[in-house]
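Notes for the structure review
The primary structure of each chain is shown beneath.
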Amino acid sequence: MVNVIGLGYIGLPTALMLASHGVDVVGTDYNIELVKTLNEGHTTFKEKGLDDLFQDALQSGITFSTDYQATDMYIISVPTPYDKFSKKIDASYVIKAVESVLKVATKGAIIVIESTVSPGTMEKFIRPTVLNAGYELGSDIHLVHAPERIIPGNMVYELLHNNRTIGADDEFIGNKVKNIYSSFCQGEITVTDIKTAEMTKVVENTFRAVNIAFANELARICRHDNMDVYEIIKICNMHPRVNILQPGPGVGGHCISVDPWFLVGDYPSLTNVINQSMKTNDTQPDYVLNRIYEIMNENDIKDTKRVGLYGLTYKENVDDMRESPTLQLLESQHKHLASELKVYDPFISSDVVEYQYHDLDEFLKDIDMIVIMVKHDEIKQNLDKIKGKVVLDCHNIINLPDVYHI
Ligand SMILES: NC(=O)c1ccc[n+]([C@@H]2O[C@H](COP(=O)([O-])OP(=O)(O)OC[C@H]3O[C@@H](n4cnc5c(N)ncnc54)[C@H](O)[C@@H]3O)[C@@H](O)[C@H]2O)c1
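Rules behind the numbers
Residues numbered from 1 in each chain as written. Predicted model: local features only at pLDDT ≥ 70, side-chain atom pairs only at ≥ 80, totals over all residues. Heavy atoms only, no water. Buried < 20%, exposed > 50% of the residue type's maximum accessible area, 1.4 Å probe, protein only. Helix = DSSP H or I, 4+ residues; strand = E, 2+ residues; numbered from the N terminus. Pairing = 2+ DSSP bridges. Salt bridge = Lys/Arg side-chain N within 4 Å of Asp/Glu carboxyl O. Polar contact = N/O pair within 3.5 Å; in protein donor to acceptor, adjacent residues only side chain to side chain. Contact = heavy atoms within 4.5 Å.

A word on the pairing of strand β6 (residues 141-145). Counting buried residues along β6, 5 of its 5 residues qualify, which places the element largely inside the surrounding structure. As paired elements, β6 and strand β7 (residues 164-168) share 2 bridges and run antiparallel to each other. Counterpart to Val144 in the pairing with β7 is Ala168.

What follows is the structure, encoded as structure tokens:
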């Protein structure tokens, strides 16, 4: 039996995928409400294909509990934020989860850490946790790191098709874990050592963060000297060895806006490019805010009450708002001046910010200028409704005359 610990955006789909492919799974989360919701037959977030997968897994016998199970294999998928001051990983959630698992694990159990961790986390935090609890590594307990690459919005497809990495001290144990993931994963699974697996995951997200920062910097240069950044990137990407990502209103989520900081925190004198890239991305919402004021001036819009931000989530077609550019922008404007920017997101039904709307038509009725912060499908399907408004399109998705860009 596999006990999946942490049933959030990553743990839940992983548990469901294993269960629906014949693996005996119990999902554990210490959030009582979350476990109650799952046991009542409901998923806890919106994701394409998740509800069907949930039904398959229920039929295959998955159960959910707040208790840790006595078994020989655990997959831990709990948060790994970074410390805002030191920029280093905050490994406290992973350590606590491992401590709880150790209280019930059977002899010879494998603990797979799926959470993203900085290189050396196993060595610095997890091995000592196991040893301090009186267990011997490599016999009583085996440690494995199996980072996750799926993208919210396409998680179910990517779980099935992405290549994976498994880091283990012992090839035999690495292959045993590979067999479990092979129950559903059709991609290639590479078995390597733990520190390499830790580093690869962080490097992948850092590569994307640096590339986005480069695109954002190009957008600023092009804005400054009146060039079309999208046309320029499109042409550059026709070069066979150039692949620049798109500029945007900033970077959010639990991965690209977090993981590169682990490297800055651990290797401060060696990470100039990464450090500067993260700063560029983090200041992008401020840059958008300045663009809003510029465009308001140009169009004689006197009051931020008449301006609306479309989208609160950190990316399109998901309901995850963690570290989102819109939240960063709102935080920044509150610091500087009293303002009443209006906000709407079709994926957010609860009230999370001031002046928030829950209906697109109502939102549009009360604004003269719309800022596309998130490229949800909904807005692409309702472009006729924004005709006549001043539009700042932060994603270059709207092909209408007179649209402003970042
Ligand atoms: N969300 C993503 O897109 C994504 C993609 C790849 C990797 N990751 C990584 O996966 C990990 C998990 O991220 P997430 O987005 O699923 O987080 P999440 O916050 O959505 O879920 C974490 C869950 O763990 C539970 N939890 C925390 N400590 C626990 C404990 N000791 N015992 C039991 N349950 C516990 C929480 O209640 C929560 O439900 C992170 O390291 C993240 O960086 C996330």
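Turning our eyes to something else, we now look at the pattern of salt bridges. A full pass over the atoms with the stated rule returns 17 salt bridges. Of the charged contacts, one joins Arg127 and Asp169 as a salt bridge, the two residues approaching to 2.8 Å between their closest N and O atoms. Pair noted here: Arg127 is in helix α5 (residues 121-132) and Asp169 is in the loop between β7 and α7 (171-181), with a separation of 42 residues, a long-range link. Residue Glu148 is joined to Arg164 by a salt bridge in which the shortest nitrogen-to-oxygen separation is 3.0 Å. Of this pair, Glu148 sits in the loop between β6 and α6 (155-161) while Arg164 is found in strand β7, placing the two residues 16 residues apart along the sequence. Owing to a relative accessible area of 4%, Arg164 belongs among the buried residues under this scheme. The structure contains a network of salt bridges with shared partners spanning Lys88, Lys124 and Asp266.

For the rest of this paragraph, the subject is the sheet that holds strand β14 (residues 404-405). Ordered in space as β11-β10-β9-β12-β13-β14, the 6 strands form an open sheet in which the pairing is parallel. Here the strands that pair on one side only, and so sit at the sheet edges, are β11 (356-357) and β14.

What follows deals with the side chain of Thr206. Relative to the elements of secondary structure, Thr206 occurs in helix α8 (residues 194-224). For Thr206, a relative accessible area of 6% puts it in the buried group. A distance of 2.7 Å separates the side chain of Thr206 from the backbone oxygen of Val202, its partner in a polar contact. Setting aside anything within four residues of it in sequence, one finds Thr206 in contact with Pro260, Leu263 and Ile274.

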